[in-house]
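Spelled out, the chains give:
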Amino acid sequence: MRTRQQIAALPLRWKGDSVQVLMITSRDTGRWVVPKGWTMKGVRPWAAAAIEALEEAGAKGHIAKDVLGTYSYDKRLDDGDTVSCEVDVYPMIVEKLKSDWKERDERVRRWFGVEKAADLVDEDELADLLKLLARKPKKVPVAGPLLKKADKAA
């Protein structure tokens with residue numbers, strides 16, 4: 001079975017001294033996930049991840065051009081088939097949440113502490129990425145510089 005490539009945004013913000021992640025529910029099962037989708041022809045992967053964050057969660061902000069990490073999962077397609085996917089995750093500092101966005105009627109969005117978010121996701125590799133942010137968020141490669149910048153701006 002061929003592995004397909006996807007991209008995801010990891011929408012983050014500071015809440016006091018801790019980092020939170022914006023999670024959304026999947027359209028099919030209602031489980032908690034991060035905004036993700038297929039790569040887009042002619043669009044840089046991080047830019048595609050930012051588009052997914054806007055369409056699926058109504059989140060706008062500054063997204064990293066480097067991958068924080070990857071995770072794998074099996075995606076169920078509309079025809080019932082399953083395809084193996086590898087997802088590149090791009091951290092994003094959320095600057096604005098839109099009240100009106102493309103998939104607002106199809107999903108729920110909610111902020112969670114990164115440890116709680118790690119408990120909610122089904123993918124172990126994604127949970128591990130989230131747990132990294134729980135320990136020393138400003139020292140996590142790629143996400144750290146974004147979080148330091150966001151902390152100073154707050």
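First things first, this report covers the structure right here in the doc. Here the residue index of a chain counts from 1 through its sequence in written order. At least 70 in pLDDT is required for a residue's local features to be given in this predicted model, at least 80 for side-chain atom pairs to be given and counted, and no such filter applies to totals for whole chains, interfaces and linings, which use all residues. To obtain the side-chain values, all non-hydrogen atoms of the structure were included, while hydrogens and water were left out.

1. Let's talk about unusual backbone geometry
Of note in this structure, Val142 is not a glycine but carries a positive phi near 70 degrees. Within the element layout of this structure, Val142 appears in the loop between helix 3 (124-135) and helix 4 (143-153). Only runs of H or I of at least four residues qualify as helices and only runs of E of at least two qualify as strands under DSSP, and these elements are numbered from the N terminus.

2. Observations concerning a negative patch on the surface
Together, Asp28, Asp78, Asp79 and Asp81 give the surface a local cluster of negative charge. Its location among the elements puts Asp81 in the loop between strand 6 (69-76) and strand 7 (82-97). Relative accessibility decides the category of a residue: with a 1.4 Å probe and only protein chains considered, values under 20% of the type maximum give buried, values over 50% give exposed, and everything between is partly exposed. By relative accessible area, Asp81 is classed as partly exposed at 46%. Any residue with relative accessible area above 30% and no salt bridge may belong to a patch, with like charges joined within 9 Å and the nonpolar Val, Leu, Ile, Met, Phe, Trp and Tyr side chains within 5 Å. Working definition of accessibility: Shrake-Rupley area with a 1.4 Å probe, residue cover restricted to the visible protein chains. What makes a salt bridge here is a side-chain nitrogen of Lys or Arg within 4 Å of a carboxyl oxygen of Asp or Glu, nothing more. In this charge count, Lys and Arg are treated as positive and Asp and Glu as negative; neither His nor the chain ends contribute. One atom stands in for each charge, and that atom is NZ of Lys, CZ of Arg, CG of Asp or CD of Glu.

3. Things to note about the environment of Gly61
Tracing the backbone shows Gly61 in strand 5 (residues 59-63). Whether two residues are in contact is decided by their heavy atoms, any of which lying within 4.5 Å being enough. Apart from the residues within four sequence positions on either side, Gly61 is in contact with Met92, Ile93, Val94 and Glu95.

4. Points about helix 4
Every buried residue of helix 4 is listed here: Ala143, Gly144, Leu146, Leu147 and Ala150. The arc that holds the buried residues of helix 4, viewed along the axis, is 160 degrees, so those residues lie on one side. Those residues of helix 4 that are exposed and aimed more than 90 degrees away from the buried face are Pro145, Lys149, Lys152 and Ala153. Where helix 4 is buried, its residues meet strand 1 (3-15), strand 2 (18-25), strand 5, strand 7 and helix 3. Note that the arc is computed from the directions linking the helix axis to the C-beta atoms.

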